[in-house]
Amino acid sequence: MQTENHERKIREQIESMSGSVINIEKKHFSIGPFMVVGKGRTVYRIEYRIGNSTKEGWVRFGGLLGPDWRL
């Protein structure tokens, strides 16, 4: 259920940028661009399209200040 909620938030964020999500990948052993990923935090790698450009982004959920977006 938590994964579904995270994926919904990711789609909403990308759509708010006039983009569309191509792929969302939950990372279990990779921390991507984040320095630290502690217990209770989840990292996703996002592949999305804006216009004719395909882009990669990252988000970390579980922090005190909400999602940490790297788009």
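These notes cover the structure that comes with them. (Residues numbered from 1 in each chain as written. Predicted model: local features only at pLDDT ≥ 70, side-chain atom pairs only at ≥ 80, totals over all residues. Heavy atoms only, no water.)

A word on the overall build of the protein. Per the secondary structure count, the protein includes 1 helix and 4 strands. The helix and strand sequence of the protein, counted from the amino end, reads α-β-β-β-β. Taking the principal axes of its C-alpha atoms as reference, the protein extends roughly 35 × 20 × 20 Å. Looking at the 71 residues of the protein, the share that counts as buried comes to 25%. For the protein, the accessible surface area stands at approximately 4900 Å², while carbon and sulfur atoms represent 48% of it. Distance between charge centroids for the protein: 6 Å, based on 12 positive and 8 negative side chains. (Helix = DSSP H or I, 4+ residues; strand = E, 2+ residues; numbered from the N terminus. Buried < 20%, exposed > 50% of the residue type's maximum accessible area, 1.4 Å probe, protein only. Areas by Shrake-Rupley, 256 points an atom, 1.4 Å probe, with all protein chains shown as cover. Lys, Arg positive; Asp, Glu negative; His and termini not counted. Charge placed at Lys NZ, Arg CZ, Asp CG, Glu CD.)

Turning our attention to the nonpolar core. Listed in full, the 9 residues of the largest apolar core are Ile10, Ile14, Val21, Ile24, Tyr44, Ile46, Tyr48, Val59 and Phe61. Of all the secondary-structure elements, those providing two or more residues to this core are α1 (2-16), β1 (20-27), β2 (42-50) and β3 (53-61). It is β2 that provides the largest number of residues to this core, a total of 3 residues. Once you skip the residues sitting within four places of it in the chain, isoleucine 24 turns out to touch Glu7, Ile10, Arg11, Tyr44 and Arg45. (Core = buried A, V, L, I, M, F, W, Y, C linked by side-chain atoms within 4.5 Å. Contact = heavy atoms within 4.5 Å.)

A sheet is described by the order of its strands in space; here 4 strands give the open sequence β1-β2-β3-β4, paired in antiparallel fashion. Two strands close off the open sheet at either side, each with one partner strand: β1 and β4 (68-70). Strand-to-strand twist across the sheet, computed as the mean angle between neighbouring axes with direction ignored, equals 20°. Bridge count between β3 and β4: 3 bridges; the pairing is antiparallel. The residue bridging tryptophan 58 from the neighbouring strand is arginine 70, located in β4. (Pairing = 2+ DSSP bridges. Axes fitted to C-alpha atoms, helices over the stretch in contact; angles between N-to-C directions.)

Let's shift gears to the packing of aromatic side chains. Here the structure, examined in full by the defined rule, presents 2 aromatic pairs. An angle of 80° between the planes, with centres 5.8 Å apart, marks the rings of tyrosine 44 and phenylalanine 61 as edge-to-face. Taken as a pair, tyrosine 44 in strand β2 and phenylalanine 61 in strand β3 lie far apart in primary sequence, 17 residues in all. Since its relative accessible area comes to 1%, tyrosine 44 is described here as buried. Site record: aromatic cluster; members linked through ring pairs are Tyr44, Phe61 and Trp69. (Phe/Tyr/Trp six-rings, centres within 6.5 Å; stacked < 30°, edge-to-face > 60°.)

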